[in-house]
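Analysis of the macromolecular model
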Amino acid sequence: MTYVVTENCIRCKYTDCVDVCPVDCFYEGPNFLVIHPDECIDCDACVPACPAKAIYRDTDLPDAMAHFLGLNEELSRIWPNITDQRDPLPDAASWDGAEGKLAHLER
Amino acid sequence: MPSTAKHIRSPREEAFLAQVTNGKYDRQIISDITKFATGDVPQDMQNFYSREELDDILSLKGTDRDLQARMPIKMTRHYFEQAQNSRPMQVLVKASPRETLDLSGAEDPGKQLTYSPCEGLIHKYELGLLYVAATCSAHCRFCYREELIGRKEILREDGTTAPKGLAQLGEVSRYIKEHNRLVADNGGRHPETGRERLREILLSGGDPMVLGNKNIAGWLAGLAEAGIENIRIGTKELAFYPERFDPTFFAMLDAFHEVYPEVNLRMMVHFNHPDEFLRKAPDGSYIDNPKGGLEWIPATRRAVKELARRDWISIDNQSPIIRDINDDPDALRIMQRETRRNGIENHYFFCGRDIVGYKAFNVPIERAWHILNESQKGLSGVEAHARLSITHYKGKTEVAAVTNEPMPGVRGAENGVLIFKLLRSAADASERCKVTIVGRNPDAIWFNDYDDRVIFDEAGLYSMYGVKPAFLEAAE
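Residues numbered from 1 in each chain as written. Chains lettered and ligands numbered in written order. Predicted model: local features only at pLDDT ≥ 70, side-chain atom pairs only at ≥ 80, totals over all residues. Heavy atoms only, no water.

1. Some words on helix α12 (residues 298-308) of chain B
All names here are of chain B.
- Within α12 the residues assigned to the buried category are Ala-299, Thr-300, Ala-303, Val-304 and Leu-307. End-on view of α12: buried residues confined to an arc of 135 degrees, all on one side of the axis. For α12, the exposed residues set more than 90 degrees away from the buried face come down to Pro-298 and Arg-302.
- In the core, the buried residues of α12 are packed alongside α5 (77-83), α10 (237-240), α11 (247-259), β9 (264-269) and β10 (313-321). (Buried < 20%, exposed > 50% of the residue type's maximum accessible area, 1.4 Å probe, protein only. Helix = DSSP H or I, 4+ residues; strand = E, 2+ residues; numbered from the N terminus. Arc of directions from axis to C-beta. Contact = heavy atoms within 4.5 Å.)

2. A closer look at the environment of Ile-30 of chain B
- Looking at the secondary structure, you find Ile-30 of chain B in strand β1 (residues 30-31).
- The spacing of Ile-30 of chain B and Asp-452 of chain B is 422 residues in sequence and 46 Å in space, taken between C-alpha atoms.

3. Brief notes about the domain arrangement of chain B
Residues and elements named next belong to chain B.
- The domain architecture assigned to chain B consists of domain 1 (11-24 + 104-390), domain 2 (30-100) and domain 3 (393-476).
- A separation of 28 Å is found between the C-alpha centroids of domain 1 and domain 3.
- Across the boundary between the two partners, domain 1 contributes 27 residues, which contact 27 residues of domain 3.
- Roughly 2,400 Å² of surface becomes buried between domain 1 and domain 3 when both sides are summed, with 60% attributable to carbon and sulfur atoms. (Domains from an automatic or database assignment. Buried area = accessible area lost by both parts, 1.4 Å probe.)

4. Details of the interface of chain A and chain B
- Between chain A and chain B, the residue contacts involve 19 residues of the former and 20 residues of the latter.
- Summed over both partners, the interface of chain A with chain B buries about 1,400 Å², with 39% contributed by carbon and sulfur atoms.
- Our count for the chain A to chain B interface comes out at 4 salt bridges.
- Two residues, Glu-39 of chain A and Lys-24 of chain B, come together in a salt bridge whose shortest N-O distance is 3.3 Å.
- Between chain A and chain B we count 10 residue pairs in polar contact (both at pLDDT 80 or more) in total.
- Looking at the side of chain A that touches chain B residue by residue, the classes come out as 9 nonpolar, 2 polar and 8 charged. (Salt bridge = Lys/Arg side-chain N within 4 Å of Asp/Glu carboxyl O. Polar contact = N/O pair within 3.5 Å; in protein donor to acceptor, adjacent residues only side chain to side chain. Nonpolar A, V, L, I, M, F, W, Y, C, P; charged D, E, K, R; others polar.)

5. Thoughts on the packing of helix α9 (residues 213-225) of chain B against α11 of chain B
Residue and element names in this part refer to chain B.
- Contact geometry for α9 and α11: axes closest at 10 Å, N-to-C directions at 15 degrees. With respect to α11, the element α9 is oriented roughly parallel. In this structure, α9 meets α11 at a crossing whose hand is right-handed. For the pair α9 and α11, the contacting residues are Asn-213, Ile-216, Ala-217, Leu-220, Ala-221 and Ala-224 in the first and Thr-248, Phe-249, Met-252, Leu-253 and Phe-256 in the second.
- Looking at side-chain class alone, the contact of α9 with α11 contains 9 nonpolar, 2 polar and no charged residues. (Axes fitted to C-alpha atoms, helices over the stretch in contact; angles between N-to-C directions. Parallel < 35°, antiparallel > 145°, perpendicular 65-115°, else oblique. Left-handed = near helix turned anticlockwise from the far one by under 90°.)

6. A few points about the packing of aromatic side chains
All names here are of chain B.
- Inspection of every chain in the model, using the stated rule, returns 21 aromatic pairs over all chains.
- Geometrically, the ring pair formed by Phe-245 and Phe-249 is edge-to-face, given 5.5 Å between the ring centres and 85 degrees between the ring planes.
- Under the relative-accessibility criterion, Phe-249 is labelled buried at 0%.
- Connected via pairs of aromatic rings, a cluster forms that spans Phe-16, Phe-256, Tyr-260 and Trp-312.
- Positioned above the aromatic ring of Phe-48 is the side chain of Lys-94, whose terminal nitrogen or guanidinium carbon lies 5.3 Å from the ring centre.
- Sitting over the ring of Phe-240, Lys-236 keeps its end group 5.4 Å from the ring centre. (Phe/Tyr/Trp six-rings, centres within 6.5 Å; stacked < 30°, edge-to-face > 60°. Lys NZ or Arg CZ within 6 Å of the ring centre and 35° of its normal.)

Laid out in structure tokens, this is it:
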């Protein structure tokens, strides 16, 4: 059981989720955040905090986003932990809701 | 209304927090009943719910009897593994349709919002309670904070509705300092409420031990800086995931104690049944430790011993008495003996509160008293410190005695009496140890079940609701 960050975080990275996460289970890449599935305690705090509405409970994950479960698991084991909120990426507002953002994911 | 601006750390706080590291934990939490239904759980958990149980639970989904909506379903691997050999632990953690058979009960048990001066803080006399987390590693089905954990819309004092929110350190710290300044300026009592200084804060939720070390350390240091002398952590993590009490946690505590040596930590732990901490033989019996006492689960005992050997930390156990979990004098006797032997004081046992669905969990008040009394027969004095408490709107109340003998000539006392003693009043101290006596009602599970047989009400548990002693009613 875990929560999952999905496509609409890419190139936005608002980090409001990091501020509310009680267990500091977010990990940070260049333009995307992920949740460590073993560390997440299923508290639900990040879902309403995300301005991009990019976070889902795994059981609510839309089929089109199913592959993000594995992606969160994989990248959270590589990327560094993020524990403090930062400014969003410069063009966050214009990328929020854009199509096909997965192609822009930087590792 | 205190400002919601962020807390500003002192150099001393910064220096302490810079030393703190977060541990890594793998609780292997399973939540959501659909995972059991679809088989999306590890192989050894497949039969934790029977097919019949799952069908019953899933048939309620989306109705007003939805179990997951009443209280999210959740458990850790550690708890699951112990529960495999423990019926009481299964009842504690497994959802059951009986929970929503009767949905009567209070949305805000204990009327906490009446005592809430800012979001997430309940100020009851000299003690403040903070909601710092809205979840636990696993969820007790009988949880009396189900409205917080389940994020339910609660009617506020101002008439609006919203889920209960979590406390913010900045706001809480300013409230404490302002309250204590007014008390100090007024010779030791608050000019309006007559309350004393806030000396003690309980970190609660949810379970503060789900938070990372840095997050917990932020609360400890922030409260110490605000002048709090005793900080309680209310936790069931010793039962759900004892590995949480790891070297990084104790390093954080030791660093805190270096910087704030006069602040005490009071761990308020929550074991309901000895199965939660004792090892069992294949036949289900506990295992004698040849050196004395019984064998504990090693990780749990290690955590308790690490807490107990720090002289600035005390450990107290509190537990409600819940139907089919621990309404068992023998289990409670073993629990009280073993906790005390290992450095855990037995503080309170509670009658279940009038939460939504309480009729599924509560045992009658007089039966709870009898169970605790039976459990304490054969305990030594120091092992039997725990009292039975029931939480009245006015404050924590002891169920002090239940008699079997009638009181001749007293209306309502034909079958004996029950004596309530107000232990601490939520608003002020003046009513401490006042008494209320009611005639017995073996079926009573809440105060109002005695409304028709109040005999004596010095504590005002009934008069505040306009309920008069029966003899006065008869005279009118």
